[in-house]
Amino acid sequence: QVQLVQSGGGLVQAGGSLRLSCAASGGVFSIKTMGWYLQAPGKQRELVAGITGGGVTNYADFVKGRFTISRDNANNTVFLQMNSLKPEDTGVYYCKAVLVRTASGPTYQYWGQGTEVTVSS
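Now for a quick tour of the structure. The structure displayed is predicted, hence computed values, not measured ones.

### Overview of the overall build of the protein
- A tally of regular secondary structure across the protein gives zero helices and eleven strands.
- Written out in order from the N terminus, the α and β elements of the protein read β-β-β-β-β-β-β-β-β-β-β.
- Against the 2.2 N^0.38 benchmark of 14 Å for 121 residues, the protein shows a C-alpha radius of gyration of 14 Å, consistent with a compact globule.
- For the protein, the residues scored as buried account for 41% of the 121 residues in total.
- Sequence separation of 24 or more characterises 55% of the internal contacts of the protein that already satisfy a separation of 6 or more.
- Entry remark: accessible area of the protein is about 6,200 Å², with carbon and sulfur atoms responsible for 48%.
- Taking the 10 positively charged and 6 negatively charged side chains of the protein as two groups, their mean positions are separated by 8 Å.

Rendered as C-alpha cells:
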C-alpha cells in the first residue's frame, strides 16, 4: 500500500524558515508529479508548489521568491523549503503525489497526512 509520510513543520516566528519533507513508499513504480498544498484555517486547500519528474516547478503567487520545492527521485521524496515566512502562511500543509504502481498501469493520487505550520507575528 502506497504511503506518503510527511515530516517537518512546527512553530516559527515571522521571517523564519522551515523545511518540509514527504516520502512516498510501498509499491511505487514511478511518480509523475509531486506537490504541496496549504489548508489555511477556514479556507479551502490550495496549491502552494508543484514539481514534475523532470524538475519543472510551479508556484502559487503568494509564495514565489520565498518557497522552493525540490525532489529526490531516487528516494521518492519531495521537499518544501519555506523562507521569509509570514503569519498568513499558517495552516496545515499536505503533500500530494500522482504516481503509477506498474509500468503500464493507471495513475493514482495519494495525499500525505498533513503537517501543521504556525507562523507567529
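### Let's talk about the nonpolar core
- Formed by 29 residues in total, the largest nonpolar core has its most connected members in Trp36, Val48, Leu80, Met82 and Tyr93.
- Of all the secondary-structure elements, those providing two or more residues to this core are strand S3 (18–25), strand S4 (30–39), strand S5 (46–52), strand S7 (67–72), strand S8 (77–82), strand S9 (91–100) and strand S11 (115–120).
- Met82 has contacts with Gly16, Ser17, Leu18, Leu20, Arg66, Phe67, Tyr93 and Val117, leaving out every residue within four places of it along the chain.

### Some words on the state of the cysteines
- Scanning the model with the defined rule gives one disulfide in all.
- Between the sulfur atoms of Cys22 and its disulfide partner Cys95 the distance amounts to 2.0 Å. Between Cys22 and Cys95, the S-S dihedral sits near 50 degrees, and the bridge is therefore right-handed. Separated by 73 residues along the polypeptide, Cys22 in strand S3 and Cys95 in strand S9 bring together distant segments of the chain.
- Judged by its relative accessible area of 0%, Cys22 is buried.

### With respect to the packing of aromatic side chains
- Across all of its chains, the model carries three aromatic pairs by this definition.
- Where Tyr37 meets Trp111, the ring centres are 5.0 Å apart and the plane angle is 65 degrees; that geometry is what we call edge-to-face. Linking Tyr37 in strand S4 with Trp111 in strand S10 (residues 107–111), this pair joins segments that are 74 residues apart in sequence.
- Its relative accessible area of 16% is what places Tyr37 among the buried residues.
- Taking the centre distance of 6.5 Å and the plane angle of 85 degrees together, the rings of Tyr94 and Trp111 count as edge-to-face. Pair noted here: Tyr94 is in strand S9 and Trp111 is in strand S10, with a separation of 17 residues, a long-range link.
- Taking relative accessible area as the criterion, Trp111 reaches 33% and is therefore assigned partly exposed.
- Here the aromatic cluster, defined as three or more aromatic residues joined through ring pairs, consists of Tyr37, Tyr94 and Trp111.
- Stacked on the ring of Trp111, the Lys or Arg Arg45 has its end atom at 4.6 Å from the ring centre.
- Against the face of Tyr108 rests Arg101, its NZ or CZ located 5.9 Å from the ring centre.

About the thresholds
- Residues numbered from 1 in each chain as written.
- Predicted model: local features only at pLDDT ≥ 70, side-chain atom pairs only at ≥ 80, totals over all residues.
- Heavy atoms only, no water.
- Helix = DSSP H or I, 4+ residues; strand = E, 2+ residues; numbered from the N terminus.
- Rg over C-alpha atoms; globule rule 2.2 N^0.38 Å.
- Buried < 20%, exposed > 50% of the residue type's maximum accessible area, 1.4 Å probe, protein only.
- Contact = heavy atoms within 4.5 Å.
- Areas by Shrake-Rupley, 256 points an atom, 1.4 Å probe, with all protein chains shown as cover.
- Lys, Arg positive; Asp, Glu negative; His and termini not counted.
- Charge placed at Lys NZ, Arg CZ, Asp CG, Glu CD.
- Core = buried A, V, L, I, M, F, W, Y, C linked by side-chain atoms within 4.5 Å.
- Disulfide = S-S within 2.5 Å.
- Phe/Tyr/Trp six-rings, centres within 6.5 Å; stacked < 30°, edge-to-face > 60°.
- Lys NZ or Arg CZ within 6 Å of the ring centre and 35° of its normal.

None of the figures reported here should be taken as evidence of function without further support.
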